Amino acid sequence: MRCSIRCSILRAESQRGAGTWDLEFSKVLAGPESLPGIGSVTEFANDTLLRALLRQDVDYTPVWIMRQAGRYLPEYRATRARAGNFLDLCRNPELACEVTLQPLDRFPLDAAILFSDILTIPDAMGLGLYFTEGEGPRFERPIRDAADVQRLAVPDMEDELGYVMDAVAVIRRELAGRVPLIGFSGSPWTLAVYMVEGGGTKLFARSKAMLFDRPDLMHGLLSKLSESVTAYLDAQIAHGAQAVMIFDTWGGVLTPRDYREFSLDYMTRITAGLTRKAEGRQVPVILFTKGGGQWLDRMAKSGCDALGVDWTQDLTDARSLVEDRVALQGNLDPGILYAAPERIRKEVERVLASYGRGPGHIFNLGHGIHPDVDPDHVAALVDAVHALSPAWHRTAGAGAIDRDAGIP
Ligand code: CP3
């Protein structure tokens, strides 16, 4: 399977008529350590994201958008149609690279995020992932009992998940240092919810029943997932991811006590186990619990570098909760993108002001972008962040400050 992916990519590349490209391309797939230019030192055109994640001085607030490669872009829909469906798109490293770069070609974003999905791990564990139109993800073989948990094995990152690692390597090569590449995974709790429910859910009936009736079983599942997520993110880092993010989409449905025991403790364990330095640079770790605003202080003690914040939390409050221990990423209401560009600009200004002066802010939405948003509104958002944010940074040149913004 992996060999056929490699061959098809090599064929596609040689059809483009790149003379020495085949040889170089095979090195990409062998891992970043063998690459000229992606060896021990990476020359970045723009490393603002990595600096902000580590709370170092920056000239402006970097911006990227959760789900920036997706259905709101007509070019994404065209590539997905070429691939056949979403999963085949994820499994084709060249096409996954193409859609990863599409939003960067349209907007001056400060980061690329690997195009993939959080459900690749359970799929590789044998649950049989499929997507039905309008219904979202589903599993053919959900986790129902102790035997199901027992059977699960940590997948081989270079084999069953080799297509993800190939995509990381190809994207890194094509980015050529333009902006950093973010790798990602789901949190163990969020993956467990999908695996136990067999797909998306509004009630969490099966996953809550397992948590309360069979906590031992839930912990068994979460332990295997933690091991898998650690290996998965480590492999992405080894293949070229320069920051990693853990999406805990469902942590916010837990009680404070259960959040700690069934979600945060596992993310802390993963964070402690990860490779934190590669290619001579630190690899920042971002944790994002949707609906986790009230727990940011505890999350900040997990050992991560940055926390994602959704739009239900005020960034001023979030910043005082984490006491400048970690950077904060967010938190524009995704719904603002339905409003007119002038209104979007005002809301960007409000979010920048709510974080305040100094480094440690990465601009983003509070959750993924909606599929029916007008791309021109995304352009307005990105431009507003770049135009308005220099005023909030010490090192900003006076010329970069937008006087009309009235700040600070
Ligand atoms: O941010 C990016 O651009 C990277 C790509 C990315 C996708 N999924 C692509 C995708 C990332 C980071 C994810 C993570 C993901 N996947 C999460 C956690 C993030 C979050 O928003 O909290 C979750 C819960 C999933 C599971 C998943 N995948 C769902 C629920 C769906 C259906 C969504 C829908 O609206 O139909 C997916 C499919 C998916 N993942 C799409 C994309 C672009 C849409 C697929 C398509 O129809 O083309």
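Being a predicted model, the structure only gives us computed values, none of them experimental.

A. Molecular detail of the overall build of the protein chain. Helix and strand content of the protein chain: 17 helices and eleven strands. Counting over 408 residues, the protein chain shows a buried share of 57%. Summed over its atoms, the accessible surface of the protein chain is roughly 16100 Å², and 50% of this surface lies on carbon and sulfur atoms.

B. Layout of the environment of L129. With respect to the element layout, L129 can be found in strand β2 (residues 129-132). With 66 residues separating them in the primary sequence, L129 and M195 have C-alpha atoms 9.7 Å apart. Here L129 is in contact with L87, L119, D123, P137, R138 and F139, once residues within four sequence places are set aside.

C. Inspection of the environment of R178 at higher detail. Its place among the elements puts R178 in the loop between α9 (162-175) and β4 (181-186). Take R178: its relative accessible area is 33%, and that puts it in the partly exposed class. Linking R178 and A112, residues 66 residues apart in sequence, is a C-alpha distance of 9.2 Å. Apart from the residues lying within four places of it in its own chain, the contact partners of R178 are A45, N46, L104 and D105. One polar contact links R178 to D105, side chain to side chain, over a distance of 2.9 Å.

D. Spotlight on the pattern of salt bridges. Evaluated as defined, the whole model comprises 16 salt bridges. A salt bridge links D47 to R281, with the shortest nitrogen-to-oxygen separation between them at 3.0 Å. With D47 in the loop between α2 (21-30) and α3 (48-53) and R281 in strand β7 (residues 281-282), the pair connects residues that are 234 residues apart, well separated along the chain. The network of salt bridges with common partners includes R257, D258 and E261.

E. Region of the structure containing the sheet that holds strand β5 (residues 243-248). On the basis of which strands lie adjacent, the open sheet formed by seven strands has the order β1-β4-β5-β8-β9-β10-β11 and parallel pairing. Edge strands, defined here as strands with exactly one partner in the open sheet, are β1 (112-113) and β11 (361-365). Alignment of strand β8 (residues 285-289) against strand β9 (residues 306-308), held across three bridges, turns out to be parallel. Note on β9: the bridge partner recorded for I286 is A306.

F. View of the site of the ligand. As a matter of local geometry, the ligand sits amid 21 residues, with R67, R71, Y76, R80 and T249 nearest to it. Between Q68 and the ligand, the recorded distance is 3.1 Å, taken from a backbone N or O atom to an oxygen atom. One of the side-chain nitrogen or oxygen atoms of D117 is found 2.7 Å away from a nitrogen atom of the ligand. Surface burial for the ligand is 87%, taken as the share of its 890 Å² of free accessible area covered by protein chains. Classifying every residue of the shell around the ligand by side-chain character gives 13 nonpolar, four polar and four charged.

G. View of the packing of aromatic side chains. All told, the structure shown has seven aromatic pairs when counted by the stated rule. Both rings, one in Y259 and one in W295, keep their centres 4.1 Å apart while their planes meet at 15°; by these two values the pair is stacked. Pair noted here: Y259 is in helix α13 (residues 256-273) and W295 is in the loop between β8 and α14 (296-299), with a separation of 36 residues, a long-range link. Each member of the pair, Y259 as well as W295, is classed as buried. The structure contains a cluster of three or more aromatic residues connected by ring pairs, namely Y76, F86, F115 and F131.

H. Structural detail: the side chain of Q236. The residue Q236 is located in helix α12 (residues 215-238) in this model. Sequence-distant contacts of Q236, defined by excluding residues within four places in its chain, comprise L114, V164, M165, V168, G183, F184 and A241.

I. A look at the nonpolar core. Core analysis: the biggest nonpolar cluster contains 132 residues, and M195, L221, L307 and L381 have the highest contact counts within it. In contact with L221, not counting residues within four places along its chain, are I143, V149, L152, A192, M195 and V196.

Rules behind the numbers
- Residues numbered from 1 in each chain as written.
- Predicted model: local features only at pLDDT ≥ 70, side-chain atom pairs only at ≥ 80, totals over all residues.
- Heavy atoms only, no water.
- Helix = DSSP H or I, 4+ residues; strand = E, 2+ residues; numbered from the N terminus.
- Buried < 20%, exposed > 50% of the residue type's maximum accessible area, 1.4 Å probe, protein only.
- Areas by Shrake-Rupley, 256 points an atom, 1.4 Å probe, with all protein chains shown as cover.
- Contact = heavy atoms within 4.5 Å.
- Polar contact = N/O pair within 3.5 Å; in protein donor to acceptor, adjacent residues only side chain to side chain.
- Salt bridge = Lys/Arg side-chain N within 4 Å of Asp/Glu carboxyl O.
- Pairing = 2+ DSSP bridges.
- Near = heavy atom within 4 Å.
- Nonpolar A, V, L, I, M, F, W, Y, C, P; charged D, E, K, R; others polar.
- Phe/Tyr/Trp six-rings, centres within 6.5 Å; stacked < 30°, edge-to-face > 60°.
- Core = buried A, V, L, I, M, F, W, Y, C linked by side-chain atoms within 4.5 Å.

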